[in-house]
Amino acid sequence: MIALSQQHAGVLVPLFALRGKSDFGCGDVAALRSFIDWAAAHGFRVVQLLPVNETGGDNSPYNAISSVAIEPTTIDPHCIAELSTAEIERIAAQHGITQLREGAVKWAPVKALRVALLRCAFVNFKANGKRTNTFAAFVKNEASWLDGYALFRVLMARHGSESWETWPEKVRSFSVAKSWLNGLPASERTALEDELSFVRYVQWQAFEQWREVKRYAEKNGVALMGDIPFGVNYNSADVWAAPQIFDLKWSGGAPPEPAFADDEFVRRWGQNWGVPLYAWSAHRSDDFAWWRQRVRKVEEAFHLFRIDHVLGFYRIYGFPWRPQRNAEFALLSPEEARERTGGELPRFHEHADDTPEHRAMNCAQGEEFLRVLQDEVGPGALVGEDLGTVPVYVRPSLLGLEIPGFKVPQWETEDDGRLTPGADYPRCTIATYATHDHDPLCVMWERWMSAIRAALAEPSRFSAENERAWRELRTLAGWAGFDVPLMMDFSKVHERFLKGLFRCNSSIAIAMITDVLGTADRFNVPGSVSADNWSARLPEGWESAFERKAASVAALIRASGR
């Protein structure tokens, strides 16, 4: 649906941040349909979302409990055939729907409300006997992932945690849990089988609705872009059900980063994400069945999708300990760390980029894996998030495979330090000022202005900060094609930045919704684990409140030819 030879404008928004006319405390496919209408009306031909897989206790879409199962809160209760309007209104009122719609997402009560609605629908489904053949076909067709996920989900609820290592040994893996299930007394097994059916029913509803919203987007000339994290949660149905395809001795992450001045662990050791590495030999032995299934299921809901940290296919940094032990290693010397790990230290897998031979091997491996995914979903579906410390061979490799990578203007520099002109970006790329992990333009601008104001008040103390702020803001403004002779309010430069973005040569130019509207809202603060993270929503009535701004952005898109 998206031709990389052409140019398109896109908008990134987390699904949970959207507001619907009668939503249930967070954005769902109903709100997405409305947003697709808004995007199409304003010239956006790509709507990018974050992962929509079912989340765990931290509510992070990048730490899901399944690589396939869809988050139940994305389901639109009004589109469930087994739910009446009266039932929806009654259950919503019982759960305090008015309060849930106010402010940020209140994840625990929002999820409780969705479960109550879905359980009511499931009871009605069993009672009326309709659509049973369609449901049975779904269960049969999806058995390769659904059976393991359903049992994991039921056991997770029973034991109050997704941390399967803390469960009783008789259910600590799918293979032994199946034997345990078969050995239960008839009455207990019947009750548990009913719970399994409920979990499967929820996923049936979710996949039906996401397939429909993909078709809706197509009819409106909009492509949906999804997101697949390279790694998968250690405490997930995937690791529990198929541990043989993961290398559980190693924990994926990123190498040491001196820029993290306030984090001694990251400066010395790197970022330890906690995701298990892949046992690639096991994946090769079954023709990458798990990965093929993963991208195939994402394609049912999305036209194209971003692979977060695509660098991991080429080589990934691994820790011989899990994040829970980070504090133990924080101040150890390499020799002391080796004593506690059996001789291992954090390193790249399979190889570091330390020799021409290793670089060639890493490049060949990445291309092998990515060609497998292209073979499964066809051309034009894959996008690679290639930000961070990028090996020299990765971007030429992605271009050779015709997989778009990312261009963040303020990070793209020439040998002489100048920002790479947007006109020089390869067409097979995606340009954006910010992803979900980065400050919006408004926040960057205000940070520069704060440094300048501080220097004006106390020149002797803040001269260096003032010089750096002026250099950074004028450099990025110059890239976008305008000068900043004096201190200016962000509202006066907002559209100039977007004009520069839409003018670049990349096939897709994506603006985060906060950058489209010119607001300072953050949807995620990297490294933050709290109830407030991954919960910000667009303000109520944002469409009408920002219509004049959106109309101006639409005019910029038209003028750019996108």
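Within each chain, residues carry numbers counting from 1 in the order of the written sequence. Confidence filtering applies because this is a predicted model: local features only for residues at pLDDT of at least 70, side-chain atom pairs given and counted only at 80 or more, and all residues used for totals across whole chains, interfaces and linings. Water and hydrogen atoms play no part in the side-chain values, which are based on all heavy atoms of the structure.

Overview of the environment of Trp-534
- The helix and strand labels rest on DSSP assignments: H or I over at least four residues marks a helix, E over at least two residues marks a strand, and numbering proceeds from the N terminus. Take Trp-534: it is sitting in the loop between α20 (513-517) and α21 (542-545).
- Only protein chains enter the area calculation, which uses a 1.4 Å probe; residues under 20% of their type maximum are buried, those over 50% are exposed, and those in between are partly exposed. Residue classification places Trp-534 among the buried residues on the basis of a relative accessible area of 6%.
- Linking Trp-534 and Val-105, residues 429 residues apart in sequence, is a C-alpha distance of 8.2 Å.
- Not counting residues up to four positions away in its chain, the partners in contact with Trp-534 are Phe-16, Leu-50, Asp-58, Asn-59, Ser-60, Pro-61, Tyr-62, Trp-107, His-436, Phe-523 and Asn-524. Residues are treated as being in contact if the distance between any of their heavy atoms lies within 4.5 Å.

Some remarks on the pairing of strand β6 (residues 304-308)
- For β6, the buried fraction is high: five of the five residues fall into the buried class.
- Burial along β6 is two-sided: Leu-304, Arg-306 and Asp-308 and Phe-305 and Ile-307, pointing in opposite directions, are all buried.
- Strand pairing is assigned whenever DSSP identifies at least 2 bridges connecting the two strands. Across five bridges, strand β3 (residues 223-229) lies against β6 in parallel orientation. Within the sheet, the bridge partner assigned to Met-225 lies in β6 and is Leu-304.
- Here three bridges tie β6 to strand β9 (residues 382-384), and the two strands are oriented parallel to one another. Bridge pairing in β9 links Ile-307 to Gly-384.

Let's talk about helix α1 (residues 29-41)
- One fewer than the residue count of a helix, multiplied by 1.5 Å, yields its expected span. If you check α1, its first and last C-alpha atoms are 18 Å apart, about what 13 residues at 1.5 Å a residue would give, namely 18 Å.
- Pairs of N or O atoms within 3.5 Å make up the polar contacts considered here, provided that, within protein, one atom can donate a hydrogen while the other can accept it, and that residues adjacent in sequence are counted only when both atoms are side-chain atoms. Two to three positions downstream of the cap, the backbone nitrogen of Ala-30 sits 3.0 Å from a side-chain oxygen, assigning the N-cap of α1 to Asp-28.
- Directly after α1, the chain includes Gly-43, whose backbone phi takes a positive value near 90°.

Digging into unusual backbone geometry
- With an omega of -5°, the peptide bond between His-349 and Glu-350 qualifies as cis.
- Here Glu-350 is to be found in the loop between β8 (347-349) and α15 (356-377).
- Phi at Asn-59 is positive, roughly 65°, even though this residue is not glycine.
- Of note, Asn-59 is situated in the loop between β2 (46-48) and α2 (85-94).
- Even without glycine at this site, Glu-402 takes up a positive phi of about 60°.

Quick notes on the nonpolar core
- Grouped together as the largest cluster of nonpolar side chains are 181 residues, with contacts concentrated most on Trp-210, Trp-291, Phe-313 and Ile-513.
- Excluding anything up to four places from it in sequence, Trp-210 contacts Leu-15, Val-29, Leu-32, Leu-49, Val-52, Ile-70, Thr-74, Glu-300, Ala-301 and Phe-302.
- Nonpolar cores are built from buried Ala, Val, Leu, Ile, Met, Phe, Trp, Tyr and Cys residues. Side-chain atoms within 4.5 Å join them into one set. Of all hydrophobic cores here, the second largest spans eleven residues; its members include Phe-319, Trp-321, Leu-332 and Ala-337.

Some remarks on helix α7 (residues 174-182)
- Along α7, the positions that sit buried rather than exposed are Phe-174, Ala-177, Trp-180 and Leu-181. All buried residues of α7 fall inside an arc of 115° around its axis, so they share one side. In α7, the exposed positions that point more than 90 degrees away from the buried face belong to Ser-179 and Asn-182.
- At its buried positions, α7 is contacted by α6 (143-159), α8 (186-219) and α9 (237-241). The arc in question is traced by the directions running from the helix axis to the C-beta atoms.

Considering the pattern of salt bridges
- One speaks of a salt bridge when a side-chain nitrogen belonging to Lys or Arg is within 4 Å of a carboxyl oxygen belonging to Asp or Glu. Across all of its chains, the model carries 39 salt bridges by this definition.
- For Lys-297, the salt bridge is made with Glu-142, and the minimal N-O distance between the two is 2.7 Å. Taken as a pair, Lys-297 in helix α12 (residues 289-299) and Glu-142 in the loop between α5 (132-141) and α6 lie far apart in primary sequence, 155 residues in all.
- On the accessibility criterion, Lys-297 (7% relative accessible area) is buried.
- Where Arg-325 meets Glu-328, a salt bridge forms, and the shortest distance between an N and an O atom there is 2.9 Å.
- One salt-bridge network, held together by shared partners, links Asp-287, Arg-292, Arg-296, Asp-375 and Glu-376.

Topic: the side chain of Asn-533
- Along the chain, Asn-533 turns up in the loop between α20 and α21.
- What makes Asn-533 buried here is its relative accessible area of 5%.
- Engagement of the side chain of Asn-533 in a polar contact is seen with the backbone nitrogen of Val-525, the distance being 2.9 Å.

Regarding empty space enclosed by the protein
- A cavity here means a set of points on a 1 Å grid, drawn over the protein atoms and nothing else, where a 1.4 Å probe fits but cannot get out; a pocket is an open set with protein on both sides within 12 Å along at least five of seven lines, and a residue lines either one if it has an atom within 4 Å of a point. Grid points are joined across faces, edges and corners, and a volume is the space filled by probe spheres set on the points. Across all of its chains, the model carries six cavities of 30 Å³ or more by this definition.
- Of the pockets and cavities examined, the largest cavity occupies roughly 190 Å³.
- The nonpolar class holds Ala, Val, Leu, Ile, Met, Phe, Trp, Tyr, Cys and Pro. Asp, Glu, Lys and Arg form the charged class, and all remaining residues, Gly among them, are polar. When its residues are assigned to classes, the lining of the largest cavity shows nine nonpolar, six polar and one charged.
- Val-52, Asn-53, Lys-297, Val-298 and Phe-302 are, among the 15 residues lining the second largest cavity, the residues nearest its centre.
- Those elements giving two or more residues to the lining of the second largest cavity turn out to be β3 and α12.
- For the lining of the second largest cavity, the element with the highest residue contribution is α12, accounting for three residues.

Some points on the sheet that holds strand β5 (residues 271-278)
- What the four strands build is an open sheet, ordered β5-β4-β7-β8; its pairing is antiparallel. The strands lining the two open edges of the sheet, one partner per strand, are β5 and β8. Each strand of the sheet is rotated relative to its neighbour by a mean of 50°, with strand direction disregarded.
- Of the pairings in the sheet, the one linking strand β4 (residues 246-254) to strand β7 (residues 316-319) comprises three bridges and is antiparallel in character. Looking at the pairing, Gly-253 lines up with Tyr-317 of β7. Note on geometry: axes are lines fitted to C-alpha atoms, helical ones only across the stretch in contact, with angles between N-to-C directions running from 0 to 180 degrees.

Digging into the packing of helix α19 (residues 494-503) against helix α22 (residues 547-560)
- Closest axis-to-axis distance for the α19/α22 pair is 9 Å, and the angle between their directions is 30°. With respect to α22, the element α19 is oriented roughly parallel. Of the two elements, α19 crosses α22, and the hand of that crossing is right-handed. Contact with α19, carried on its side by His-494, Glu-495, Leu-498, Lys-499 and Phe-502, involves Lys-549, Ser-552, Val-553, Leu-556, Ile-557 and Ser-560 of α22 and no other residues of that element.
- Residues belonging to the contact of α19 with α22 are distributed by class as follows: five nonpolar, three polar and three charged. The labels follow the angle: roughly parallel below 35 degrees, roughly antiparallel above 145, roughly perpendicular from 65 to 115, and oblique for the rest. Left-handed describes a crossing in which the near helix is turned anticlockwise from the far one by less than a right angle; the clockwise case is right-handed.

Section: the packing of helix α18 (residues 459-480) against α19
- As a packed pair, α18 and α19 sit with axes 8 Å apart at the nearest point and diverge in direction by 55°. The orientation of α18 relative to α19 falls into the category oblique. Mapping the contact onto sequence places Leu-476, Ala-477, Trp-479 and Ala-480 in α18 and Arg-496, Phe-497, Gly-500, Leu-501 and Arg-503 in α19.
- Residues of the contact of α18 with α19, tallied by class, amount to six nonpolar, one polar and two charged.

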